[in-house]
Every structure is written in C-alpha cells, then in structure tokens.
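Next come the chains, spelled out residue by residue.
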Amino acid sequence: MKKLFWHSEKLFGSGPVNFEWQRSKGNLIVTAGSNGHVNCFSRHGDANYDFATKLSGRCTGMAWDDDGDYLALSADQNSKITLWDTTLNRSEDLDVGFKESICCLAWSPSKLIAIGSSKGNFQIYNVKRRSKLPAAIAKHSKKITCATWSTDDRLALGSDDKSISISDSKGDYISQIALRDIPSDIKFANMKTEERTNTIQQNTISAIIGKETFLLFDLTNPDNPVELAFQKKYGKLVDYHWYGDGYVLIGFSNGYIIVISTHSKEIGQEMYQTRSHRSLVSCIDKCHNVFKVAIAGDNSVKVIDLNDVKETECIVTILKKLDKRSGDNSVKVIDLNDVKETECIVTIDEEKGSDRGAASTAEISRVRWSDDGQLLAIGTKSGSLHVFLAKLPSLGDSFGTRIALLSSLLEVSLINNVMQEPRVSIRLEVEPNFIFLGPYYMATGMNNRVYFYEILNPGGDIGVFDREYAGTVKAVCLNERYVAVLHSNKVQLQLIGTDGAEQEHQTSEMFPLNNSDGHVKHAALTTDFLIYCTSNGNLHYFYIDDWTEVGTFQHNKPIKTIYPDFVGTSLIFIDETGHPFLYNSFQETVVDIPDPPKSIATCLWDNYDTDKRVFVICNDKVISTYAYIKHSIRDMHCVRCGVTKLQYGYHPLMLYNGVLSCQAPSGMLVDVPLESHPIFYDDSTDISKLKEVTLGLVNMQKYRMAFQMCKSINDPDLFEECGKKTLSHLALEDCMQYFREAGDVAMLMSIAQLQNCEDKRLMSGHAACFLNEFDLAQEHYLASSKPKCALEMRKDLLEWETALTLAQTLAPQDIPYISKQYADQLEFVGDYMGALASYEAGLKSADGSGEHEAACAAGVARCALRVGDIKRGVGIAYNHPSRQLKKECAAILESMKQLVESAQLYEKAAFYDRAAAVYIKCKNWSKVGELLPHITSTKIHLQYGKAKEQEGKYREAVQAYTAAKDFDSVIRVNLDYIHNPEEAIRVVRETNSIDGAKMVAKFFVGLSDIETALQFLVMSKCHDQAFQLARDHHHMTSYASLIGDDANDDDYISVAVHFEKEKNHLLAGKFFYKCRQYQRSMKHLLRCTPTPEQENDPEMNSILIAIKAVGEANDDLLTHQLIEYLMGEYDGGAKDARYLFKLYMALHRYQEAARTAIIIAREEQQAGNYRIAHDVLFGMFSDLRTNNIKIPQEMTKNLMLLHSYLLVRLHNKRGDHLKAARLLVRVASNISKFPQHVVAILTSTVVECYRSGLKGSAFDYASMLLRPEYHNKIDSKYKSRVEHIVKKRDRAEIDDHVSPCPYCNFELPNYDLVCSECKNTLPYCIVTGMHMVKEDWTCCTHENCQFPGLLSEFQNCLEVDQSCPMCQQKIVPHDLRKYSDDEVRKLLAMPENDNTL
C-alpha cells in the first residue's frame, strides 16, 4: 500500500468530502467538498482543469455511468443536475422539471439516470436521447433517500415514507413494499439457492431498515420477506455488500463486521464475525475486479480479501496530527489466518497543512475503489482526501541478471541484485501497458506508442525518445543495436536511436518476408538473430549481420510463443495445444519437454554462467525445473528436475542459479528458491527429499554440487545412482568420483578404460552396456568404428539369436560356434526342433575343430532322440566317445520308455547301477546278475535279493541282502529257510539289529532255550516280553543281569517288586535304586552284607549301591542311616573306611573326603600297600581339582613320596640307576612314612646309591642300617656289603645337575622341589621326579590326570611302557606336545600350584 497523493481541507472546505472514481476507465476521480467546489484529478494526482465547477450547495448526489462517459451531480439547494460528458469534455445543467431539491441519483446499465427529489418525486432521464421520460406517477409521499437499478433495468427506490417501490425502465409501476421503518442502501442481488442457474436476472432486493434490521425480499416469493435482526452489542447497521455465492458482509456502528449466507438453510447463521474497529464502521466499499472490500471506521481502513474474509490485507490509519502518546500514523497489513500477526505498518501523517489545534485522529467518512482495484481513495470528515496505490499492474521484464519492474504508476525500477548494482529508478512519460528490457535500452508504452529509455544513462539529455507504430504493440525485443516490435501481426526490425540514414546496413524490415507464411505470433531477438514464429507453424532464424534468413523449421502445429537462450542456439517453443518443445538450431532437432504444467505462462533460462542448460516453465501455480542434456548415451533430451509451488499473483522475471526472481502483487521483487536446488533446504530436510534433489542436480549437470550433497548424505547407494546418471552423460571424470566413494572398484576400473576412447559412439556403447541398456549399447556400437563390439556384447549376454543376426554381416566365420551356443539355449528351454537345426548348423565348423564338432554331434544325438528319431540318436550316441553323452541319451530313452536301448547305453557307458535298474524294469534278471559285481547301489542289490528269494535261491538272496545291508532280511532267511541260527546270531551281534534280535529270540523260544531268548529279547528292547518269559520260567536272575541301564522305570520296578517278594534284598535294593525309589532301595540294601566276591564287583556290592543311592537322593535321613550302618551300629561291625570316603565323594563333601582319603592312604602306606595308597590319593587329587577345591599340602606331599617310590622300579627296569638312587634318597629321607619296609627301603637306597656313585649317601644310610633296631633285620645277602661300606667310609658324591626354577629362573638341583630363592614348592615331573622346567614342559593327555612331565623324559619313558606313570592309562606318544610359555604361565598361576601340578 503506497500513498500516491492527498489534499487537505483547504481545498475542499471543512467537512466531509464526496468523491467518486470514473467507472470502467478509472483515470479520473471527481470530488465535491463542503465549500461547493467540484474538482477533478487524474489517477496520478494531477488536477484536470477541463472540468471545474461550483455547486450551489452541499453535494447530494454524484454518480458515473457504467462506462465512465458521463458524470451526474446534484446539490441540496438546486433542482437541476450537472451532467459532464467526458468524451466531449462538455458539461451542462439539466432541468428535470423539479422545483424541490434533488437528493439522489442512479445510473442504469443502459445509460438511464434516475433522479429522486426531496418530496418523493422521481424522474428518469435518457442521456443518449437527451430527453426525459413522461412524468412518472408519484409513488412516495416523502423524500426519496436511495435508488438502485438491476441488471435488467428495473428501478428500486427507498423513501422516508417507509416503503420501497419497484418500477421498470419506463417508470411504470411494478410493485411496492411497505416497511416498518425507513430503508437505506437498497441493492439488487441474487440469493443463494440449492440449484445453480445461469440466469443473470437479479431476484432479490436487500436493504437496511431503520439502521437495525436487514431485509431480504425475494421478488419470486413476495409473500415471505426475510428481515434479520442482530445482537445489540453490534450496534446499528451502517453498510453492507454482497459477494460470492449469495454471501453478505455487514458493518455495524460498534465496529463489528459479520458475514451471513442467504441460503435458505443458513439464513440466521453468522458464518464469520469479528470486531474490525474499536468504535465504529462508517463505510464499506467493494471492488469486483480484485474481489476485495475496504472497511472504514474510526480513523482507519481495513482491506479484506473476499476469497477469505478472515484475512485482512492491510489497515490504513489516518491521523490529523502526530501524537507521540498514541504512536505513529500507520498502515497495517494483517493475515487473519493468524490475526495476531501484522505483516506491515505504513506511516501516514496529515500534519502538513492542517490545523495544529485539530484532534489527533481524522475520522474517515468515505472510501472508494477504482474499478481496476489499483487505487483506493479515502475521505475524512475533516475534509481531506487520500489516494493510495493498492495494487500495481504486474509489469516487468529482465535481460541477463538485470530486472525492470513497475514500482509506481509512472516509475520503473532497475534492479541487479546478482551483480550488486545500485537500484535505479526511471520516471516514465505515461503509465505503461508493457515493459521490455534490453542490454542498453528499456521500452515501455501503451497502445501503438513505444518509449525508449537509455538505461545506462538515465536522466541524460538523449535518454528518452519514442516511436509510433501502425498497430497496437504486442511485444518489443531489444539487443545492443536493434529493436524488434510485434504489431499488426508482423514484426518490425529496426535500429534503435537513429533513423539509419547514414548506416551501411539495412536498418528496417517487416517480417514475414513472404506473406504466405501467415501472421507472426511471437518474436525474440538475440545478439545475432531475429527469431519469429508464424501461424502456419514456421520458425524462422534471421541473421542480422548478413541481413538474411539462415534457417527455417516447420512444426506440425502453429507456434504461439518462443523463448530462446542467450545466443539463440537452443529455443523453447509452445504450440497451439499448449505443449512445450525444445529446438536446437545447430543440430536442427526438436526435443519433447516431458510433464509440462498446464496453461504455461512463461519460460525462463537460467542466467548462471555455467548453467545455460537449465530452464523453468511456469504457470500461475507451479514452477517446473528442467535440464537440457545435450551430451548423453541417449539423444538430446530434457529431464524434469523438480516442481516448486508459486504463490498466487507472483510474476516470474529472472532465473539465476536456482533462485527465481518474481514480481509480487504488491510490486515488490521477491526471490523464490527452487525446490530442485539445495538452496531451498536446510539440515532438518528429510533425507529422501535431499536424495531427490541430488539426483536433480546430476541431471542439471551440476556434478560438483551433487557430489558435495552426496558426501553430506553419505549413502553408498546414492553415490552409485548418481554415478550411473553421470556416466549416462559421459562425464567420466565426475563419474569416477562417485563410484570411488561408492566403493565399486569394478565399475571404476571399467570407466577408467574409456577415458582414452576418442570414438564417442563407441564410448556411448560401452557406457550404455555398463548401465545395462543393451539395446541402446548395440545401436551405438553398430554406428561406431568397432561394430563387432555389439556382437561380443550379445554373446556375453547369451542372447544368441540376436548374435546370430549380427554375425550374418559382422562375423560369418563365427556362425557355427554361435549356432552351437544358441542350440544349447534352445535345448535347455525345450525347443528341441530348433536346437537340432542349430546343432546341425554348428557342425559346419570353418576350422574343423574336433571338440566343437563332438559337442554338436552330442547335441544332435540328444535332440534327435527328443524329436523321435531314436535310431539316429542311438547310433550317434553309441559310437560317440563320450560316456556322459551315453548317460544323457540313456536317460532320455528311459524317460521315453525305450528301456532296452537305455540299458544298453548305460552298460556301454559303464554306468552299471543305472543299467541294472533299467534291466530290472525289463525283468531281465540274468543281465542284472551279470552286472552284479559292478553294482554299488544297495537298492539294486535289495531288489535282486527279493527276486532270488522268490525264486527259492536263498543263499544268493542272502548274499544280495548282505550287499544291500538289509541285515534283518539276512537274519530272517537264515532262520526261516536256511536254518542257520549261528549265522543269524553272528549278524545280530555285529549289527545290533533290534528286529533281528526279536526274530532270534522268537527262534530260541521255540527251541525252549530261555537264557538265549532272554538275551535277544533284552537286546531288542522287548522288556515286557522278556520279563514275562523270565518270570514264567524262573529265570529272573538272568533277566536282571541282562537288563542293564537301557530299560525304563516301569521295567525296573517290576523286577524290584519281584525280588522283594522273593526276599532277595540285594537285587530288590539294586533295582529300586535304578528306578530312583531311594528309600525302598536303602531299606533292602542295609539288610545286606557284601561277600568278599561281591566287594570287588561294583554292581553287586550292596554298600556301593547304597552310597550311589544316598548321593543321588541327597536326603539327610538316608545319609544318616548309611553312616550309622558303616560305623557298625546296625550289625556291630564297622565297615571299611574306603566306603566312608566314597560316601563323602558321592555327597560332594570334598573336604571330609580329602581327610578320609589321607587317613586311608596313611593306613595303606603303613600297611605297605603303596600302590593302593597312591591310587587313593591320586583319585582324590583329581576329584578335588575337577571341583576347583584347594588340595591339602599333606595330600600333595604324600602323593609325591609314594609316586617317587613307585618310579624307582620304572628306572631300574630302564637301567637308569642314578635316577632310581636320587628317588630312593628322597624316600629314605622320609622313611618314617614307610614303617613296614624301613630296612628294605634303606637297603635298596644303600645299594642303588653305591652303584650309581652316590657313595656319601650310601655311607649315611648304611650307617643307619647298622643301628641295633635294624641290624638284625638286614637281608643276609646284603649284610656284609653294608658293613663293608661303613668300614670303608668312602664319602665321594656325584653332584646333582641344576636347572632353572619355573617361577624365578634360579638355578637349583634337579631333584630339589622347593626353590631356595622364591620359596615356592615346585611342580615335579611324573616320569623322573625332578622339578619342572618351562622349556621342556608337557602334561599327561588324559583329562583326569594332566600331571606335568618333562617332554623329553616322557617320550623316552613311553618307549618302555606306553602308559602314564601317574594314572596308568595308555598314552599315544605323538599326542604329547610341548607347552608354550604362555600356557606354562597360566598353569603356574592355577591354585593347585601352591603344591604341585
């Protein structure tokens, strides 16, 4: 909203000013002030002195006719009217025959003027005929206050006599409406109805009645008038206007406005209500052209768009004086979709020329729109007039990055924001209808006159000149020197700024040169060319320098508009169907533009230097962005890259790097970023949308920008997709960047090989092939310098039919080989006739390749069989060297039920199993028998065995069943036919066949051999049957010994109950234990005492069974009972302590078990049972270690001593007396642990030490033997020798070798087991008894042992005895391995290494 001009009350007098805009044209505004002066102003504010008069009193009526040709004025002290004819610029006073004053005027559509007087009289005057109609009959008794005409020339008058009269255009009476109060503001309108009609006849009269109610009088239903009353808070009705489909906007004195509908179902409902002004609404005016309404009230005017009455476009506030307390004078623009948001505020100050003592506000009395909606006039009660520019015509143009747009009615602004040039304003001579811009000049004008402005020198003396043309100017095109003007269906080309008399070149020409081309529809001018299109579809290129036409293109439809790029080589044209095309003048090709918007308004090329291949096509709603791709594997084409919404009323002018500069309805220049460019988006944008934009950038050939977008998104799939698009554009360098980021090495290497390719067609073929567009690739290959590439591609794709077609012309010598490949394919899909023909064609090999001909012959054989030529196929296959071919042909014959030929081919190819199977189908058992030694198939052997069994040849049947591994049949035939039970039993025992065991059991039952029958029944898991048989024949004990652990609980219970009845407590307790009935089991087991034989049999030792039961039951009562039993409280005899040890182990009470084990081992050791003591300690040691329980040191030491003693025999056996002596020295030093054999051990120590050179140790222990308590117990065989050693007193001693401590690497004697440096007890070798060293470490391979040993000594030991010295289990020598340092460190860190491993 921009203020154009204003006039104060000094011009109009103090008081409200009356004014009206010229209808239709809107070029003039006429005012009448309180001083009686009538003034006329142009729309620019210039005074028009052609019409100026003074009324005799206050103006009571001012009206323009619909065409704006006549103005009628009336005054309250005059009975005449003043009529001004604007076409003749003549005014006159008309006497209409009234003596009283005239109070209202109204024009009809047919230029009749209705005149109402203050006494109720009215007259109709025909302006065209300059005559008044016959005097009308007075219809009103009082002053006529308002009048209006309908579109069909019916007249409605409102009077102070509280009635409305309706007359026709002749003044004849039609009807009269009696009212309850005085009417005002009468209007004809159409009420909203259910059915929409096309009639223009207005069927409703509306009026304000007494300022309180609103009347709706339906002329088609006069008996049912509607009178609406409103809420009292609204105040009195002031003004109203109809709009839309039967809606009415009403203003009230208290500042409210409401919207009501006149639909019968909605009458009485307020569609919308708001308080637009604080105090009052004084006036409302509507503009039909822009569909807006201006609401005046207080000191402001609000402009509302009737498309959405909730939206207030602007608020104009007029103040008489700047009031610092109340704020600035302003114009506010508010969007009522959000009424809290004020879009803009424009300050207006009326202080100049006003009375300083006036009030701070100027109350508005009148507001009027010009018909075109561009101007809004506001009058105040104080007598001032303000005219605002509400809407500028959307006039503008661009050249390059410079934009010219209409910024005021007589002003054009030149803007170049891209180059950051200052804004330049150019004052115009006339208000323009068009604006066109060139590089140096701007053209504006209207009708047939064009004004040229030198834009590089605005304000200079020669800056402006004008030209007049023969017809109305439709378009002007400018370049640096020439102007092309489209008028009179022709285009005129001439120089700018001179008449051209001194120019060498032709300076003016009218086009088309040939009248047969039709008339010119549109034209464009580039630096070098004039381009124009004609109504017959021709597109002409005129070269200016040579002043000649250089090219013509014929389209199949008339062309409406053209939009060339800067140089004119590429041009967009739109034909009469509205579809756009792109024409390349260099190659003379036309490209279809896909998916264009409807109703295209304009097309713009991007002015960005590197972006000449991008353009937009716009209509009034959307902007479609396109890329013109010139270089591609496809022909030149256009791709749509995105669609951007365009706000209503925006006029696109210039495109630069994705930003579209538009002229907004307000006249401002607005930048619209295109959705196809990344400038439109930020970090919050959805990834899928960013991917779409990135692909659009690739289409626009903005590869670097797209690459940066890809890197920010970081999606490998997007890199690959962009790479493929870039490859299709043949931009190899940029393409490789994408595939490098995508990690597609194969594609990267393939593209790199194309960089040195100079044949574009060949390069395009390779690129299309990489993109899987093979038909396109073939097209390029065939047009390239290497057409054979097309053949190679089809061969690689296995498209042999196409390859054959290509080979006819490109490589005839390859036809046999391609035929063979094609035949393979046809055979695979089942086209055997076609395959046979192709194989036969393949036999005609040019070079006579044996392998190729053999393959083709094989194909002929197969296909001949398939098509029914069996004799030919079998003959070829039989003589062919390939076993595989014979097999394939035999299979084909078998499927065709040609069994004899099939079997013969199988046999010929040595596929004996298949041959035998086919012979079996033929029932040719003799042939099967011949092939039997070669057959590996169990199925065939089985079939043969059944056949022989049916023939009664049982031994042959048994052989066949055995080969087929059908052992049940072998057993059955041996028992039933051959009567060879021994063989049947052997087979059952070897195969563990359950069914075979049943058959054998049944056989022995028949022979009454119950023991054997039971054995096989149990083997066949027929426990119920075996139980019945054992019970019936009193063989239950045998059954119990056979049942084992494979039976179920029911079987065990049956056996247990049986023995319980027979008082066999041991077996009853045993089987109750097996079925987990532990209490019943203990009840019987505690009644038994194991015999010496049973003590050695774990299965029959009642105490061991009871220990297992207590261990599994985990019942304290049963445990207590068993302990009492073991202590002898049941029978008075304590049981062996080993049983107590086993009980503790079963109960997982390892500490008690360990203490018990030590006690048992000590007793056994003292009793001289060293092996038993050793085994007890070793077993306990393994159990404790398995359960991760710390091993007592005493147990470890005792086990070490016992093991050292037991190793002596091993080393004596090996002849290593030194090791034996060292071990005996260790044992003798702890001789108290071996009380039963003190003398024997000491004697052995003396002998071994003396023999091995340890004479000092021999002397020490010989001296000990000569003590009185031992002297008499020395074996007489050694007694003299011992005495001799003592007498000789030889103390020579061989020093023990040293080796490093595994913990601290301190060197210490091999047989020392405690490190004197780190004080650790060292692990010992179970082979030698020496301490372990890390470099020679291994362990026993058995899981329950795993004691360490020196690897070298262990391997030497196994050469004598292949069992572990500790656990006595067999060891495979090559299973031993050397442990790594890390493994040794882990072993040394284990808890048991506080003692030993």
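Now for a quick tour of the structure.

What counts, and at which threshold
- Residues numbered from 1 in each chain as written.
- Predicted model: local features only at pLDDT ≥ 70, side-chain atom pairs only at ≥ 80, totals over all residues.
- Heavy atoms only, no water.
- Helix = DSSP H or I, 4+ residues; strand = E, 2+ residues; numbered from the N terminus.
- Rg over C-alpha atoms; globule rule 2.2 N^0.38 Å.
- Buried < 20%, exposed > 50% of the residue type's maximum accessible area, 1.4 Å probe, protein only.
- Contact = heavy atoms within 4.5 Å.
- Areas by Shrake-Rupley, 256 points an atom, 1.4 Å probe, with all protein chains shown as cover.
- Lys, Arg positive; Asp, Glu negative; His and termini not counted.
- Charge placed at Lys NZ, Arg CZ, Asp CG, Glu CD.
- Phe/Tyr/Trp six-rings, centres within 6.5 Å; stacked < 30°, edge-to-face > 60°.
- Lys NZ or Arg CZ within 6 Å of the ring centre and 35° of its normal.
- Pairing = 2+ DSSP bridges.
- Axes fitted to C-alpha atoms, helices over the stretch in contact; angles between N-to-C directions.
- Salt bridge = Lys/Arg side-chain N within 4 Å of Asp/Glu carboxyl O.
- Polar contact = N/O pair within 3.5 Å; in protein donor to acceptor, adjacent residues only side chain to side chain.
- Disulfide = S-S within 2.5 Å.
- Parallel < 35°, antiparallel > 145°, perpendicular 65-115°, else oblique.
- Left-handed = near helix turned anticlockwise from the far one by under 90°.
- Nonpolar A, V, L, I, M, F, W, Y, C, P; charged D, E, K, R; others polar.
- Core = buried A, V, L, I, M, F, W, Y, C linked by side-chain atoms within 4.5 Å.
- Expected span 1.5 Å × (residues − 1).

Notes on the overall build of the chain
- From N to C terminus, the chain includes 43 helices and 65 strands.
- Taking 1397 residues into account, the globule formula puts the C-alpha radius of gyration at 34 Å, and the chain, at 61 Å, lies well above it.
- Judged by the C-alpha coordinates and their principal axes, the chain covers about 180 × 90 × 80 Å.
- A burial count over the chain gives 51% of its 1397 residues as buried.
- Of the contacts made within the chain by residues no fewer than 6 positions apart, 43% connect residues no fewer than 24 positions apart.
- Accessible surface for the chain amounts to roughly 65300 Å². Of this, 47% is attributable to carbon and sulfur atoms.
- Distance from the positive charge centre (155 side chains) to the negative charge centre (182 side chains) of the chain: 4 Å.

So, the packing of aromatic side chains
- Scanning the model with the defined rule gives 35 aromatic pairs in all.
- Ring centres 5.5 Å apart and planes at 40° place the aromatic pair Phe529 and Tyr543 in the tilted group. Highlighted residues: Phe529 in strand S48 (residues 529–534) and Tyr543 in strand S49 (residues 538–543), separated in sequence by 14 residues.
- Its relative accessible area of 19% is what places Phe529 among the buried residues.
- Using a relative accessible area of 23% as the deciding quantity, one classes Tyr543 as partly exposed.
- Grouping aromatic residues by their ring pairs yields a cluster made of Phe529, Tyr541, Tyr543, Phe553, Phe573, Phe581 and Tyr583.
- Sitting above the plane of the Phe452 ring, Arg467 keeps its charged end 5.6 Å from the centroid.
- We note Lys1255 situated over the ring of Tyr1250; from NZ or CZ to the ring centre the distance is 5.5 Å.

Details of the sheet that holds strand S47 (residues 520–525)
- Reading across the sheet, the 4 strands line up as S47-S48-S49-S50 and stay open at both edges, with antiparallel pairing between neighbours. In the strand order of this sheet, the two ends are held by S47 and strand S50 (548–554), each with one partner. Between one strand and the next, the sheet's axes are offset by a mean angle of 20°, whatever the strand orientation.
- Pairing of S49 with S50 involves 6 bridges; the strand directions are antiparallel. What sits directly across from Leu539, in S50, is Phe553.

Regarding the side chain of Ser764
- The residue Ser764 is located in helix H7 (residues 760–770) in this model.
- Looking at Ser764, the relative accessible area reads 2%, which means it is buried.
- Residues in contact with Ser764, not counting those within four places in the same chain, are Ser632, Ile633, Leu730 and His780.

Regarding the sheet that holds strand S46 (residues 508–511)
- Read across the open sheet, the 4 strands follow the order S43-S44-S45-S46; overall the sheet is antiparallel. Taken across any chain shown, the strands that pair with only one partner, and hence form the sheet edges, are strand S43 (473–478) and S46. Adjacent strand axes in the sheet meet at a mean angle of 15°, parallel and antiparallel pairs treated alike.
- Two strands pair when backbone bridges link them, and strand S45 (residues 490–495) and S46 are joined in this way by 4 bridges, in the antiparallel orientation. Bridge assignment links Gln492 to a residue of S46, and that residue is Met510.

Description of the side chain of Asp606
- If you trace the backbone, Asp606 turns up in the loop between strand S55 (602–605) and strand S56 (614–618).
- Buried and unpaired, Asp606 has no salt bridge, with Lys702 as the nearest side chain of opposite charge at 5.5 Å.
- One polar contact links the side chain of Asp606 to the main-chain amide nitrogen of Tyr608, over a distance of 2.9 Å.

Things to note about the pattern of salt bridges
- The full count for this structure, using the stated rule, is 46 salt bridges.
- Between Glu20 and Arg368 there is a salt bridge whose closest N-O contact spans 3.4 Å. In this pair, Glu20 is assigned in strand S2 (residues 18–21) and Arg368 in strand S32 (residues 364–369), connecting sequence segments 348 residues apart. For the pair shown, Glu20 and Arg368 are each scored as buried.

Observations concerning the state of the cysteines
- All chains considered together, the criterion is met by 0 disulfides.
- Note on Cys856: no disulfide assigned, nearest cysteine sulfur contributed by Cys863 at a separation of 11 Å.
- With a relative accessible area of 0%, Cys856 lands in the buried category.
- Unpaired in terms of disulfides, Cys1315 finds its nearest cysteine sulfur in Cys1318, a separation of 3.4 Å.
- Its relative accessible area of 0% is what places Cys1315 among the buried residues.

Details of the packing of helix H16 (residues 899–908) against helix H17 (residues 912–921)
- The N-to-C vectors of H16 and H17 enclose an angle of 160°; their axes lie 8 Å apart at closest approach. By the angle class used here, H16 and H17 are roughly antiparallel. Remark: the crossing between H16 and H17 carries left-handed chirality. Across the interface between the two elements, Leu899, Ser902, Ala903, Gln904, Tyr906 and Glu907 from H16 touch Tyr912, Arg914, Ala915, Val918, Tyr919 and Lys921 from H17.
- Class assignment for the residues of the contact of H16 with H17 results in 7 nonpolar, 2 polar and 3 charged.

Details of the nonpolar core
- If you look at the biggest cluster of nonpolar residues, it comprises 103 residues, and the most contacted ones within it are Leu1122, Met1180, Met1195, Phe1347, Cys1364 and Met1366.
- The contact partners of Leu1122, leaving out residues within four places of it in the chain, are Met1082, Leu1086, Ala1106, Ile1107, Val1110 and Leu1143.
- Among the nonpolar cores identified, the runner-up in size contains 40 residues, and Leu732, Leu748, Leu810 and Tyr822 belong to it.

Section: unusual backbone geometry
- Put simply, Phe511 and Pro512 share a cis peptide bond, and its omega is 5°.
- Within the secondary structure, Pro512 sits in the loop between S46 and S47.
- Phi angles above zero are rare outside glycine, and Lys211 is one such case at about 65°.
- Within the fold, Lys211 resides in the loop between strand S19 (204–209) and strand S20 (213–218).
- Look at Phe291: it is not a glycine, yet its phi comes out positive at around 55°.
- Note on placement: Phe291 falls in the loop between strand S26 (283–287) and strand S27 (292–297).

Notes on helix H28 (residues 1065–1074)
- Among the 10 residues that make up H28, 9 are buried, leaving the element largely enclosed by the rest of the structure.
- Among the residues making up H28, those that are buried are Leu1066, Leu1067, Ala1068, Gly1069, Lys1070, Phe1071, Phe1072, Tyr1073 and Lys1074.
- Two to three positions downstream of the cap, the backbone nitrogen of Leu1067 sits 3.4 Å from a side-chain oxygen, assigning the N-cap of H28 to Asn1064.
- Directly beyond the C-terminal end of H28, a positive phi value near 65° is found at Arg1076.

Some words on helix H37 (residues 1217–1228)
- When the terminal C-alpha atoms of H37 are compared, their 16 Å separation across 12 residues agrees well with the 16 Å that a helix rising 1.5 Å per residue should span.
- Of all 12 residues in H37, 9 are buried; the element is thus mostly enclosed.
- When H37 is considered as a whole, its buried residues turn out to be Lys1219, Ala1220, Ala1221, Arg1222, Leu1223, Leu1224, Arg1226, Val1227 and Ala1228.

Regarding the pairing of strand S57 (residues 622–629)
- Burial analysis of S57 places 7 of its 8 residues in the buried class, which makes it a mostly covered element.
- Here S56 pairs with S57 via 5 bridges, running antiparallel. What sits directly across from Cys618, in S57, is Ile623.
- In sequence, S56 turns back onto S57 through a hairpin of 3 residues.
- Bridge count for S57 against strand S58 (residues 637–645) is 8 bridges, and the pairing is antiparallel. Note that in S58 the partner of Tyr626 across the bridge is Arg640.

Spatial relationships are all this shows, so hold off on functional conclusions.
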